[in-house]
Amino acid sequence: MLVKYRKDYEKVAMGLLSFIPDFKDIAHLQTEMQWYQSTDDHQLLLWRQGDGDFCGIMGIEVGTDFILLHHDSLSPEERTAANQYQMLDELAALYPDQRVMGTLEMAPIVGAWERNRDRRTTTNHH
């Protein structure tokens, strides 16, 4: 389940983001956190399975007809393609009128998810 970031989630959010190599540096991480909190069209979404603890996070930019995925991170024990795709499925469901796209860095992940989703859709209709 995706949940919008709130100030009380700051430690969890920073912990999840710190799994991204770029954010090992705390100053860089804090700058990024401020960037996400500075405008409405930049959002952090935390992810958890069922009633469990948060184990994933996504950083997105909301455009008029697209959602741009800037970052996503899962805790090491939850880092599977299935969980990655689940997060993206839920993101797409949250914004049904916008296309999910990735930054240059995230594009391969979004592309793999789209191919996987297309296969699942094709399989389900036969």
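Placed above this text is the structure.
Description of the structure in this document. (Residues numbered from 1 in each chain as written. Predicted model: local features only at pLDDT ≥ 70, side-chain atom pairs only at ≥ 80, totals over all residues. Heavy atoms only, no water.)

**What to know about the pairing of strand 4 (residues 66-74)**
Step number 1: Within strand 4, 8 of the 9 residues are buried, which leaves the element mostly enclosed by the surrounding structure.
Step number 2: Two elements, strand 3 (residues 54-62) and strand 4, share 7 bridges in a ladder whose sense is antiparallel. For M58, the partnering residue across the bridge sits in strand 4 and is D72.
Step number 3: A loop of 3 residues connects strand 3 with strand 4, the two strands running antiparallel in sequence. (Buried < 20%, exposed > 50% of the residue type's maximum accessible area, 1.4 Å probe, protein only. Helix = DSSP H or I, 4+ residues; strand = E, 2+ residues; numbered from the N terminus. Pairing = 2+ DSSP bridges.)

**Quick word on the packing of aromatic side chains**
Step number 1: Considering all chains together, one arrives at 2 aromatic pairs under this definition.
Step number 2: Measuring from centroid to centroid gives 5.0 Å for Y9 and F54, while their planes differ by 65°, and the two rings are edge-to-face. Within this pair, whereas Y9 is found in the loop between strand 1 (2-4) and helix 1 (10-17), its partner F54 is found in strand 3, the two being separated by 45 residues in sequence. Of the two residues, Y9 and F54, both sit in the buried class. (Phe/Tyr/Trp six-rings, centres within 6.5 Å; stacked < 30°, edge-to-face > 60°.)

**Details of the environment of P21**
Step number 1: Inspection of the secondary structure assignment puts P21 in the loop between helix 1 and helix 2 (26-38).
Step number 2: A sequence separation of 54 residues divides P21 from S75, and the C-alpha atoms of the two residues are 13 Å apart.

**Structural notes on the environment of M33**
Step number 1: Mapped onto the secondary structure, M33 falls in helix 2.
Step number 2: The exposure class assigned to M33 is buried, which follows from its relative accessible area of 2%.
Step number 3: Along the chain, M33 and G59 lie 26 residues apart, while their C-alpha atoms are 9.5 Å from each other.
Step number 4: Apart from the residues lying within four places of it in its own chain, the contact partners of M33 are Y5, E10, A13, M14, L17 and L44. (Contact = heavy atoms within 4.5 Å.)

**Some details on the sheet that holds strand 1**
Step number 1: The 5 strands are arranged 1-2-3-4-5 in an open sheet whose pairing can be described as mixed. Looking at which strands have only one partner, the edges of the open sheet turn out to be strand 1 and strand 5 (99-102). When the angles between neighbouring strand axes are averaged without regard to direction, this sheet yields 35°.
Step number 2: Bridge count between strand 1 and strand 2 (residues 42-48): 3 bridges; the pairing is antiparallel. Each residue of the ladder has a partner; that of K4, found in strand 2, is L45.
Step number 3: Packing of helix 1 onto the sheet brings it into contact with strand 2, strand 3 and strand 4, and relative to strand 3 it is tilted by some 85°.
Step number 4: The strands touched by helix 2 within the sheet are strand 2, strand 3 and strand 4, with strand 2 carrying the most contacts at an inclination of about 105°. (Axes fitted to C-alpha atoms, helices over the stretch in contact; angles between N-to-C directions.)

The quantities given are spatial measurements derived from coordinates; they are silent on function.
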